Protein chains: 2
Amino acid sequence: MIPPVRVGIAGLGTVGAGVLKLLHDQADLRAERCGRRIVVSAVSARERNKDRGVDLSTVRWYQDAAALASDPDIDIVVELIGGSDGIARTLCEAAIANGRHVVTANKALIAHHGAELARAAEERGLTLAYEAAVAGGIPVIKGIREGLAANRFASVVGILNGTCNYILSEMRETGREFAEVLAEAQKLGYAEADPSFDIDGVDAAHKLAVLAGLAFNAQVDFADVHIEGIRHVSALDIGFADELGFRIKLLGIARRSDAGLELRVHPSMVRRSSPIASVEGVFNAVIAQGDFVDRVMMVGRGAGAGPTASAVVADLVDIARGCRAPSFGVPAARLSTVPAVPMRSRHGAYYVRLMVVDRPGVIADVAALLRDQSVSLESFLQRGRSPGDAVPVVMTTHETEEAAMTRALQAIGDMDAVLEPPRMIRIEPF
Amino acid sequence: MIPPVRVGIAGLGTVGAGVLKLLHDQADLRAERCGRRIVVSAVSARERNKDRGVDLSTVRWYQDAAALASDPDIDIVVELIGGSDGIARTLCEAAIANGRHVVTANKALIAHHGAELARAAEERGLTLAYEAAVAGGIPVIKGIREGLAANRFASVVGILNGTCNYILSEMRETGREFAEVLAEAQKLGYAEADPSFDIDGVDAAHKLAVLAGLAFNAQVDFADVHIEGIRHVSALDIGFADELGFRIKLLGIARRSDAGLELRVHPSMVRRSSPIASVEGVFNAVIAQGDFVDRVMMVGRGAGAGPTASAVVADLVDIARGCRAPSFGVPAARLSTVPAVPMRSRHGAYYVRLMVVDRPGVIADVAALLRDQSVSLESFLQRGRSPGDAVPVVMTTHETEEAAMTRALQAIGDMDAVLEPPRMIRIEPF
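Residues numbered from 1 in each chain as written. Chains lettered and ligands numbered in written order. Predicted model: local features only at pLDDT ≥ 70, side-chain atom pairs only at ≥ 80, totals over all residues. Heavy atoms only, no water.

Caption draft 1: Structural detail: the sheet that holds strand 1 (residues 5-10) of chain A. All names here are of chain A. Taken in spatial order, the 6 strands of this open sheet run 3-2-1-4-5-6, and their pairing is parallel. The open sheet has two edge strands, strand 3 (60-62) and strand 6 (128-129), and neither has a second partner. Bridge count between strand 1 and strand 2 (residues 38-44): 6 bridges; the pairing is parallel. By the bridge assignment, V5 is partnered in strand 2 with I38. Sheet contacts for helix 4 (residues 87-97): strand 1, strand 4 (76-79) and strand 5 (101-104); angle to strand 4, the most-contacted strand, approximately 170 degrees. Against the sheet, helix 12 (residues 305-321) engages strand 1, strand 2, strand 4, strand 5 and strand 6, with an angle of about 160 degrees to strand 5. (Pairing = 2+ DSSP bridges. Helix = DSSP H or I, 4+ residues; strand = E, 2+ residues; numbered from the N terminus. Contact = heavy atoms within 4.5 Å. Axes fitted to C-alpha atoms, helices over the stretch in contact; angles between N-to-C directions.)

Caption draft 2: Fine view of the sheet that holds strand 6 (residues 128-129) of chain B. Residues and elements named next belong to chain B. Sheet architecture is open: 6 strands sit in the order 3-2-1-4-5-6, paired in parallel fashion. One side of each edge strand has no neighbouring strand; the edge strands of this open sheet are strand 3 (60-62) and strand 6. Along the sheet, helix 4 (residues 87-97) contacts strand 1 (5-10), strand 4 (76-79) and strand 5 (101-104); its crossing angle with strand 4, the most-contacted strand, is approximately 170 degrees.

Caption draft 3: Spotlight on the domain arrangement of chain A. Here chain A is described as being made up of domain 1 (5-137 + 322-333), domain 2 (140-301) and domain 3 (346-427). Each of domain 1 of chain A and domain 3 of chain A has a C-alpha centre, and the two are 51 Å apart. (Domains from an automatic or database assignment.)

Caption draft 4: Quick look at the environment of A65 of chain B. All names here are of chain B. Tracing the sequence through the fold places A65 in helix 3 (residues 65-68). Separated by 22 residues in the primary sequence, A65 and I87 have C-alpha atoms spaced 7.3 Å apart. Once you skip the residues sitting within four places of it in the chain, A65 turns out to touch A10, S44, I81, I87 and L91.

Caption draft 5: Geometry of the confidence of the model for chain A. Mean pLDDT for chain A: 95, with 100% of residues reaching 70 or above. Taken together, the chains of this predicted complex give a pTM of 0.95 and an interface ipTM of 0.94. (pLDDT = per-residue confidence, 0-100.)

Caption draft 6: Representation of helix 5 (residues 107-123) of chain A in the model. Residues and elements named next belong to chain A. Helix length check: helix 5, at 17 residues, gives a terminal C-alpha distance of 22 Å against a target of 24 Å (1.5 Å per residue), a fit within 8%. The largest bend in helix 5 comes to about 80 degrees, at H113. Those residues of helix 5 that fall on the buried side of the exposure criterion are A108, L109, I110, A111, H113, G114, A115, L117, A118 and A121. Where helix 5 is buried, its residues contact strand 4, helix 4, strand 5, strand 6 and helix 10 (202-215). One side-chain oxygen of the residue at the start of helix 5 lies 3.3 Å from the amide nitrogen of A108, identifying that residue as N106. (Expected span 1.5 Å × (residues − 1). Bend = angle between axes of the 7 residues up to and from the residue. Buried < 20%, exposed > 50% of the residue type's maximum accessible area, 1.4 Å probe, protein only. Polar contact = N/O pair within 3.5 Å; in protein donor to acceptor, adjacent residues only side chain to side chain.)

Caption draft 7: How the structure looks around the interface of chain A and chain B. Listed by partner, the interface residues are 54 residues for chain A and 54 residues for chain B. When chain A packs against chain B, close to 4,500 Å² is buried across both sides, 53% of that on carbon and sulfur atoms. Summed over the shared surface of chain A and chain B, the result is 6 salt bridges. Among the salt bridges present, the one from R301 of chain A reaches D294 of chain B, with a minimum N-O distance of 2.6 Å. (Buried area = accessible area lost by both parts, 1.4 Å probe. Salt bridge = Lys/Arg side-chain N within 4 Å of Asp/Glu carboxyl O.)

Caption draft 8: Expanded view of the side chain of N151 of chain A. Examined against the element boundaries, N151 of chain A turns out to sit in the loop between helix 6 (140-147) and strand 7 (153-159). A polar side-chain atom of N151 of chain A sits 2.9 Å from a polar atom in the side chain of S310 of chain B.

Caption draft 9: Seen up close, the packing of aromatic side chains. All names here are of chain A. Evaluated as defined, the whole model comprises 4 aromatic pairs over all chains. Ring geometry for Y166 versus Y190: centroids 4.5 Å apart, planes at 50 degrees, classification tilted. A residue pair is termed long-range when its members are at least 10 positions apart, and Y166 in helix 7 (residues 162-174) and Y190 in the loop between helix 8 (178-188) and helix 9 (196-199) qualify at 24 residues. A relative accessible area of 10% places Y166 in the buried class. Against the face of Y350 rests R346, its NZ or CZ located 4.7 Å from the ring centre. (Phe/Tyr/Trp six-rings, centres within 6.5 Å; stacked < 30°, edge-to-face > 60°. Lys NZ or Arg CZ within 6 Å of the ring centre and 35° of its normal.)

Caption draft 10: Representation of the environment of V352 of chain A within the structure. Here V352 of chain A lies in strand 13 (residues 347-357). Separated by 68 residues in sequence, V352 of chain A and E420 of chain A place their C-alpha atoms 12 Å apart.

Caption draft 11: Fine view of unusual backbone geometry. A positive phi is found at S374 of chain A, a non-glycine position, where the angle reads about 60 degrees. Position of S374 of chain A among the secondary structure elements: in the loop between helix 13 (362-372) and strand 14 (377-382). Phi angles above zero are rare outside glycine, and N217 of chain B is one such case at about 45 degrees. Its place among the elements puts N217 of chain B in the loop between helix 10 (202-215) and strand 8 (226-227).

Caption draft 12: Structural view of the relation of the copies chain A and chain B. Superposing chain A onto chain B takes a rotation of 180 degrees plus a shift of 0.0 Å along the axis, which leaves an RMSD of 0.0 Å. These values place the two chain copies in the arrangement generated by a two-fold rotation axis. A share of 100% of interface residues in chain A that are also interface residues in chain B marks the association as one of identical surfaces. (Least-squares fit on C-alpha atoms with pLDDT ≥ 70 in both.)

Caption draft 13: Up close: the state of the cysteines. Overall, the coordinates contain 0 disulfides over all chains when judged by the stated rule. No disulfide involves C34 of chain B; its sulfur sits 10 Å from that of C323 of chain B, the nearest cysteine. (Disulfide = S-S within 2.5 Å.)

Caption draft 14: View of helix 5 (residues 107-123) of chain B. Residues of helix 5 of chain B that are buried make contact with strand 4, helix 4, strand 5, strand 6 and helix 10 of chain B. Remark: G125 of chain B follows helix 5 of chain B within two positions and exhibits a positive phi of approximately 70 degrees.

Caption draft 15: A look at the packing of helix 6 of chain A against helix 12 (residues 305-321) of chain B. Put simply, helix 6 of chain A and helix 12 of chain B touch, their axes get as near as 9 Å, and they point 90 degrees apart. Regarding the angle of helix 6 of chain A to helix 12 of chain B, the classification is roughly perpendicular. Together, R145, E146 and G147 of chain A of helix 6 of chain A and S310, A314, D318 and R321 of chain B of helix 12 of chain B make up the contact between the two elements. (Parallel < 35°, antiparallel > 145°, perpendicular 65-115°, else oblique.)

Caption draft 16: Region of the structure containing the pattern of salt bridges. Enumeration according to the criterion identifies 62 salt bridges over all chains in this entry. A salt bridge links D200 of chain A to R231 of chain A; the nearest nitrogen and oxygen atoms lie 2.7 Å apart. With D200 of chain A in the loop between helix 9 and helix 10 and R231 of chain A in the loop between strand 8 (226-227) and helix 11 (235-243), the pair connects residues that are 31 residues apart, well separated along the chain. For D200 of chain A, a relative accessible area of 26% corresponds to the partly exposed category. The closest approach of N and O atoms between R37 of chain B and D28 of chain B, which form a salt bridge, is 2.7 Å. Residue class for R37 of chain B comes out partly exposed when judged on its relative accessible area of 35%. You can call D28 of chain B exposed: its relative accessible area is 54%.

Printed below as a string of structure tokens:
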């Protein structure tokens with residue numbers, strides 16, 4: 001009888017409680033599937049006596065999470081605390097130094113320190129696994145690293161933050177403004193009291209950096225990720241998008257070319273008929289473009305106790321079964337360093353919304369400024385006349401370079417008749 | 001230096017040539033990813049001298065595929081011949097008996113004999129892998145077996161045949177009739193000269209049986225799969241579906257309940273707004289419903305040299321890396337036997353199209369016959385008047401039992417005023 005795998009869990013919040021429940025409820029099925037039991041031997045959390053729905057009386061308790069890493073009778077440390085530095089990082093480094101595998105849900109940690117942790121783990125013959133760090137329960141890390149191991153990837157693109165996707169979906173379905181939908185999302189628990197991590201795109205950027213490192217077998221510098229959130233997406237933009245045949249999503253985009261790596265998170269317009277456009281609410285999606293498999297998309301719940309616990313336990317099952325694959329697809333010591341392609345080099349189409357004074361000649365002036373930067377107009381809408389008042393004017397451009405677009409918008413924003421900073425949303429080819 | 005993994009490939013058609021190309025083109029990247037080389041040591045095919053784009057002069061050649069299984073200097077046999085019995089089965093059994101791992105793309109073989117092959121392989125500590133047998137390059141087998149290993153599944157549903165999905169998409173996009181689109185599909189190579197395997201649903205049924213066995217850790221009897229293809233889907237149905245807010249897809253549906261296993265392949269109406277509705281053309285999709293992860297969907301190319309080769313090589317990489325998971329999620333000797341739920345027990349909504357003589361009273365008679373079976377009408381459409389001539393009449397029902405629907409349609413079909421056999425398409429809740 002193979003001895004059980006012994007797990008120490010640090011962090012017993014929503015996800016930690018979900019992992020405890022899953023390990024408890026599915027114990028027999030899992031033993032059948034991996035040929036041995038997975039048992040929780042030790043835990044660490046801030047509040048010892050909180051009810052997490054599972055009996056922890058026989059489990060060793062550590063008030064200090066880092067001390068859990070020194071427990072000699074565990075095989076795997078599960079880190080569910082969060083944060084790129086501080087106790088989560090200390091814990092993972094200590095676990096590896098002490099010869100324990102590490103399973104984590106911590107996207108910030110892996111985005112900032114994944115390569116070095118992977119190197120340390122691999123030097124000691126240990127596994128660093130992070131399926132739960134990206135896209136909740138969707139098995140995208142394993143999918144890219146193993147299921148699609150035969151491919152070189154041109155791009156990985158995703159809807160990676162459920163809070164933002166929920167807000168954008170709600171805005172579209174109800175016609176309401178961003179601030180109102182955000183407030184409701186906070187009430188419903190889909191957004192934090194301080195929502196900036198999510199709505200300013202940082203969370204999505206962490207996940208993108210992790211995906212890019214894996215897909216391109218590269219050492220990704222998080223500072224290279226261009227980040228824009230959804231704060232400036234207004235109900236007007238949602239409405240115009242629909243009119244133009246688009247939907248607005250916060251996309252994370254990682255693309256490799258001869259020039260290097262594009263890494264960017266920003267609101268994006270995608271064709272309404274495209275599969276990614278139909279991913280709504282709290283669902284996440286990841287699309288990988290591989291040279292042999294072509295395009296593969298995976299969709300599922302990006303967060304929540306159940307889905308995230310499913311991902312954590314999938315990693316535990318892998319380790320229990322003895323499956324080893326390098327954390328980032330190739331040995332960490334062999335991750336490549338690829339230059340980042342700056343945002344200004346992005347080549348693509350744009351949506352622009354202006355609030356202008358409704359008088360003859362304004363559009364001609366705007367069009368002239370675009371022409372000056374060799375930006376070609378594809379379409380133009382002005383709905384609603386309010387002579388002398390402010391009206392929204394919407395334009396879409398043909399493909400152009402971001403640097404040119406930036407200069408054009410600068411000049412347009414300086415016009416007297418343009419009453420607010422121009423709003424620009426990139427149109428992405430899906 | 002770890003010795004290379006030596007592979008023998010039987011069958012060098014489209015997929016085999018694709019595997020040869022992939023192994024050749026990506027040799028260095030793959031060696032980095034799995035820590036050892038994967039080399040083709042032996043091949044077997046009908047035509048020795050056909051150009052497959054790769055130099056085979058240093059590779060051992062077997063005219064007889066079964067003899068390849070006895071080659072003492074290979075580790076893995078890759079079976080790309082096809083067919084549930086005959087040489088493919090003999091080859092795989094021999095390979096296992098001789099201590100070789102088996103990687104196959106053969107859905108018919110796994111649908112009919114997967115459990116017994118898995119048992120034989122596992123008794124000898126060998127791997128039987130079949131990622132390429134279902135949904136082309138989409139890593140769905142690995143996804144369910146490993147990425148979602150923490151879940152008990154309630155259902156697995158898929159668009160599993162690209163030929164059928166292409167035809168249905170084309171019919172919808174162009175308004176043309178089935179026969180015309182099929183003929184064009186054959187010209188374009190999306191359908192075989194004898195297309196019945198695909199368009200009559202058999203291919204999709206093989207894949208469904210494989211998915212169900214894996215998802216439910218069960219021994220599935222292929223004879224239990226209810227199979228209907230797309231031959232009777234007419235341009236009228238495609239048009240009415242659109243009008244009613246649906247799209248028609250050939251779905252494979254496997255559902256587990258206390259009553260047992262539902263296993264069925266048939267044309268289905270799904271809401272146009274659902275993610276699965278947006279999967280068009282030759283793309284496949286699989287949706288798994290797990291108790292912790294909730295719903296996960298995977299979309300990608302279901303066939304073709306590149307995607308299928310990607311799946312075959314992913315299995316080779318797993319074996320090269322030493323990853324072992326039971327073929328069907330649990331040891332084959334422990335697969336459960338679950339009773340099949342017959343088609344007549346299906347509970348759901350229906351679309352029905354009749355060709356009736358356009359005269360007063362016909363609809364009243366039809367409605368009465370439905371009432372007699374306690375089938376409740378949800379909607380009804382009669383477009384186009386041709387008094388005295390034949391007109392299409394379309395109805396959708398509320399949820400009812402299939403047995404009742406069958407009796408109702410029998411009686412309706414017997415009416416003088418009903419000029420053709422009623423056409424029924426099940427409405428599926430997506």
